[in-house]
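# Architecture and fold: a report
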Amino acid sequence: MAENSNKKMNVSEHPLVELTHVEKHFGSLHVLKDINLQVNKGEVLVVVGPSGSGKSTMCRTINRLETIDSGTIRINGKNLPEEGKGLALLRAEVGMVFQSFNLFANKTILENVTLAPMKVRHMSQQDAERQAMDLLSRVGVASQANKMPSQLSGGQQQRVAIARALAMQPQVMLFDEPTSALDPEMVNEVLDVMVELAQEGMTMICVTHEMGFARKAADRIVFMADGQILEQDTPDEFFENPKTDRAKDFLSKILTH
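Let us look at the structure shown here. (Residues numbered from 1 in each chain as written. Predicted model: local features only at pLDDT ≥ 70, side-chain atom pairs only at ≥ 80, totals over all residues. Heavy atoms only, no water.)

Overall, antiparallel pairing links the four strands, which are arranged E2-E1-E4-E5 in an open sheet. One side of each edge strand has no neighbouring strand; the edge strands of this open sheet are strand E2 (29–39) and strand E5 (78–79). Relative to E5, strand E4 (residues 70–75) is paired through two bridges, and the arrangement is antiparallel. Counterpart to Arg-74 in the pairing with E5 is Asn-79. (Pairing = 2+ DSSP bridges. Helix = DSSP H or I, 4+ residues; strand = E, 2+ residues; numbered from the N terminus.)

Put into structure tokens, the structure is as follows:
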């Protein structure tokens, strides 16, 4: 884990992910209001806030699953392409793990993890399978490689989804409430994998309600409410010393239970 101790200093000339004056409406609902955010290589950013604050929408704009009305989003210094081949290539650089596992139900676990590297990265089947088995053992489900998704528990399926995203060798990983659809006893097995990734220096943007994970893994906490970023701070500072009334109110509600 030696690289973890200095990953905070690994700041490139430009941020790996950069959102500038991003605005987004759903009809009359103003869901993202002047969002400005920079994420450096190797940084673990955890986005928290009340439901409906725009956290997931912001996360989904970063690989253009949601379009924006105005502003710019750059990945590694390049503007997000509108559509077509450029967008497909960009999505290969940005791994995404959702609430629902989105595995292909008619393909084995191994096929789920090898499909995109073979199709998009033009990897040979042999190399893709070797990489897939490495990743599946890394997330603790290598023994399930020949099973179908329906034969796995929710926690196992979500770990496969993480392996599948990692198989594209992305520059940044987005996690949109990856544990919210899981039974409580399965949450930690997914969070443990995410903590390990964070410690290995993967650039991560995580939207989550799991405050223990936020405290443990984040380099920086971003607090959102009503479509705006209201605070950004280290985990210790945010949890011990929130600056805004909204953050104090949010923390008092979730930390008392």
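Aromatic rings in a pair are described by how distant their centres are and how their planes are angled relative to each other. Under the defined criterion, the tally for this structure stands at three aromatic pairs. Both rings, one in Phe-223 and one in Phe-250, keep their centres 5.4 Å apart while their planes meet at 45 degrees; by these two values the pair is tilted. With a gap of 27 residues between them, Phe-223 in strand E9 (residues 220–225) and Phe-250 in helix H10 (residues 245–254) connect regions that are remote in the sequence. By the burial criterion, Phe-223 is buried, and Phe-250 matches it. Ring centres of Phe-238 and Phe-239 lie 5.3 Å apart, and the angle between their planes is 75 degrees; this geometry places the pair in the edge-to-face category. (Phe/Tyr/Trp six-rings, centres within 6.5 Å; stacked < 30°, edge-to-face > 60°. Buried < 20%, exposed > 50% of the residue type's maximum accessible area, 1.4 Å probe, protein only.)

Attention shifts here to the environment of Gly-155. Here Gly-155 is to be found in helix H6 (residues 154–166). In this structure, the C-alpha to C-alpha distance between Gly-155 and Glu-189, residues 34 residues apart in sequence, is 6.7 Å. Beyond its immediate sequence surroundings of up to four residues, Gly-155 is in contact with Leu-182, Met-186, Glu-189 and Val-190. (Contact = heavy atoms within 4.5 Å.)

The next subject is the pairing of strand E6 (residues 94–97). Both faces of E6 are covered, namely the face carrying Val-94 and Met-96 and the face carrying Gly-95 and Val-97. Bridging between E6 and strand E7 (residues 172–176) involves four bridges; their strand directions are parallel. Within E7, the residue paired with Met-96 across the bridge is Leu-174.

Unusually for a residue other than glycine, Asp-34 sits at a positive phi of about 50 degrees. Summarising the element assignment, Asp-34 is placed in strand E2.

Turning our eyes to something else, we now look at the packing of H6 against helix H7 (residues 184–199). Orientation of H6 relative to H7, taken along the N-to-C sense of each, is 20 degrees, at an axis distance of 8 Å. For the element pair H6 / H7, the angle class is roughly parallel. H6 and H7 meet at a crossing whose hand is right-handed. Contact with H6, carried on its side by Gly-154, Gly-155, Gln-156, Gln-158, Arg-159, Ile-162 and Leu-166, involves Met-186, Glu-189, Val-190, Val-193, Met-194 and Leu-197 of H7 and no other residues of that element. The residue makeup of the contact of H6 with H7, split by class, is seven nonpolar, four polar and two charged. (Axes fitted to C-alpha atoms, helices over the stretch in contact; angles between N-to-C directions. Parallel < 35°, antiparallel > 145°, perpendicular 65-115°, else oblique. Left-handed = near helix turned anticlockwise from the far one by under 90°. Nonpolar A, V, L, I, M, F, W, Y, C, P; charged D, E, K, R; others polar.)

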